[in-house]
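Geometric and topological summary
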Amino acid sequence: MYILGIETSCDETAIGIIDENLKIYANVIYSQIKEHKIFGGVVPEIASRKHIEKIKILSEEAFKLANLNVDEIDIISVTQGPGLIGSLLVGVNFAKAIAYALEKKLYFINHIEGHILSVFIENSVDFPFLSLVASGGHTNLFLVKNFGKYNLLGKTLDDAAGEAFDKVAKMLNLGYPGGPIVEKLAQNGDENSIAFPKSFIEKDNFNFSFSGLKTAVRNFIAKNKEFKIEDVCASFQKSVADVFIFKISEAAKKYNVKNICFSGGVACNTYIKSRINEFCINNKLNFYSPSPIYCTDNGVMIALAGLQHYKKSPDFKFKLSANAHSRLSNL
Ligand code: KG4
Ligand code: ZN
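A brief look at the structure comes next. No experiment lies behind these values; they were computed from the predicted model shown. (Residues numbered from 1 in each chain as written. Chains lettered and ligands numbered in written order. Predicted model: local features only at pLDDT ≥ 70, side-chain atom pairs only at ≥ 80, totals over all residues. Heavy atoms only, no water.)

1. Notes on the sheet that holds strand 4 (residues 75–81)
Pairing in this open sheet of 5 strands is mixed, and the strands run 3-2-1-4-5 from one edge to the other. Unpaired on one side and paired on the other, strand 3 (24–31) and strand 5 (105–110) mark the two borders of the sheet. Averaged over all pairs of adjacent strands, the angle between strand axes in this sheet comes to 15 degrees, irrespective of strand direction. Running over the sheet, helix 2 (residues 44–66) touches strand 1 (2–7), strand 2 (12–19) and strand 3 and is turned about 25 degrees from strand 2. Docked against the sheet, helix 3 (residues 85–102) engages strand 1, strand 4 and strand 5, running at close to 155 degrees with respect to strand 4. (Pairing = 2+ DSSP bridges. Helix = DSSP H or I, 4+ residues; strand = E, 2+ residues; numbered from the N terminus. Axes fitted to C-alpha atoms, helices over the stretch in contact; angles between N-to-C directions. Contact = heavy atoms within 4.5 Å.)

Right, dumping it as structure tokens:
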């Protein structure tokens, strides 16, 4: 059985092809970073147009890599939302066209579910587990009891963690996207040089808030004429990691969970990843995080989620459409 995964929720056009044993046949991604860089963030209209331009070429490339014909696909799986509506519509209508023309099964996938399940691409993880999904658009902590059983423990009340990285980079005129640049500069900074706030909110509350931290960075830059950019980056990054570890620690205790997963674009950050890993080792918890290529948006995670939907119920609803505010069932 072959599964095609299509992802176009934001600024990556991504196609993945896997089989039912999760063997990967293709994972092709067109990142639009250079199109959006000059604007310092994603411009929705440009993103949709680029998806239209790229989606067919990329799919052909994926089928060529997989050495498959499109009619050999059994299941088509596409991101329904959340995301930019124009971008989502490109992927959804492309998927619908193939599914209709070739009479294939079609599954609509929540983008966050894709990120949660991305840990299964390279690992087998036992349920239950905690899943921290941190990207440019989302910061969510889930208790995952099984495939399809996602209990949202907390989410960001304002900025997403990746968004905070992007905004801090913008304040420092470092470019877009901010995450990788801030991480690189932080390597040469002193993480204890500036005491930025850590928004733990309160005990027994698993929500996040990063706008206070972002504002503290802005105020620091405005008030201080001379500072090392590297120190700002390192101290900011440390605050984000400390908050993540605090929330994971509290949730692991409360729900007695031994397996911790970290995914989404911010999970590309090797400093944050190694801090969480170190915490897990010290507390006898198992830590899982995908390789960077599966942390950022990709089609393989969407294909994997589609396979799980098919296993749960071979029925599918062809008539659904893109939904910019799509929620996981128990969000
Ligand atoms: O998951 P993703 O590709 O797209 C969304 O669904 O948003 O995540 C992109 C986000 C951006 O905000 C980017 O700055 C952040 O992930 N990011 C990082 C790193 N690499 C990407 N944040 C921190 N450190 C990184 N190394
Ligand atoms: Zn994403």
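2. Observations concerning the site of ligand 1
Near ligand 1, the surroundings consist of 21 residues, among which Gly136, Asp166, Glu183, Gly265 and Asn269 are the closest. Here an oxygen atom of ligand 1 and a side-chain polar atom of serine 135 are 3.5 Å apart. At a separation of 3.0 Å, a nitrogen atom of ligand 1 approaches a polar side-chain atom of asparagine 269. Protein chains bury 90% of the 550 Å² of accessible surface belonging to ligand 1 in isolation. Broken down by secondary-structure element, the contributors of at least two residues to the shell around ligand 1 are helix 4 (111–117), helix 5 (161–171) and helix 6 (178–186). Counting residues per element, the shell around ligand 1 draws most heavily on helix 6, which supplies 4 residues. The residue makeup of the shell around ligand 1, split by class, is 6 nonpolar, 11 polar and 4 charged. Taken together, domain 1 (2–116 + 294–312) and domain 2 (124–289) each give at least three residues to the shell around ligand 1, which thus spans both. (Near = heavy atom within 4 Å. Polar contact = N/O pair within 3.5 Å; in protein donor to acceptor, adjacent residues only side chain to side chain. Areas by Shrake-Rupley, 256 points an atom, 1.4 Å probe, with all protein chains shown as cover. Nonpolar A, V, L, I, M, F, W, Y, C, P; charged D, E, K, R; others polar. Domains from an automatic or database assignment.)

3. So, the packing of helix 7 (residues 211–223) against helix 8 (residues 229–255)
One can describe the packing of helix 7 onto helix 8 by two numbers: an axis separation of 11 Å at closest approach and a directional angle of 165 degrees. If you check the angle between helix 7 and helix 8, you find them roughly antiparallel. By crossing handedness, the relation of helix 7 to helix 8 is classed as right-handed. Here helix 7 contributes Leu213, Val217 and Phe220 to the contact with helix 8, which in turn contributes Val232, Phe236, Ser239 and Val240. (Parallel < 35°, antiparallel > 145°, perpendicular 65-115°, else oblique. Left-handed = near helix turned anticlockwise from the far one by under 90°.)

4. As for the sheet that holds strand 10 (residues 286–288)
By definition, the strands of a sheet pair up through backbone hydrogen bonds, in either a parallel or an antiparallel sense. Pairing within the open sheet is mixed, and its 5 strands lie in the order 8-7-6-9-10. In this open sheet, the two edge strands, each paired with only one partner strand, are strand 8 (149–155) and strand 10. Looking at each pair of strands side by side, their axes are set apart by 25 degrees on average, direction ignored. Pairing of strand 6 (residues 129–134) with strand 7 (residues 139–146), which is carried by 6 bridges, proceeds in the antiparallel orientation. In the strand pairing of strand 7, leucine 132 is matched with leucine 141.

5. As for the packing of aromatic side chains
Describing an aromatic ring pair means giving the distance of the ring centres and the angle of the ring planes. Under the criterion given, the structure shown has 15 aromatic pairs. Each ring, one from phenylalanine 120 and one from phenylalanine 147, has its centre 5.1 Å from the other, and the planes form 50 degrees; the classification is tilted. With phenylalanine 120 in the loop between helix 4 and strand 6 and phenylalanine 147 in the loop between strand 7 and strand 8, this pair connects stretches of sequence that are 27 residues apart. Phenylalanine 147 sits in the partly exposed class, given a relative accessible area of 26%. Pairing phenylalanine 220 with phenylalanine 227 gives two aromatic rings, centres 5.5 Å apart and planes at 65 degrees, and the pair type is edge-to-face. (Phe/Tyr/Trp six-rings, centres within 6.5 Å; stacked < 30°, edge-to-face > 60°. Buried < 20%, exposed > 50% of the residue type's maximum accessible area, 1.4 Å probe, protein only.)

Don't take any of this as a statement about function, it's just geometry.
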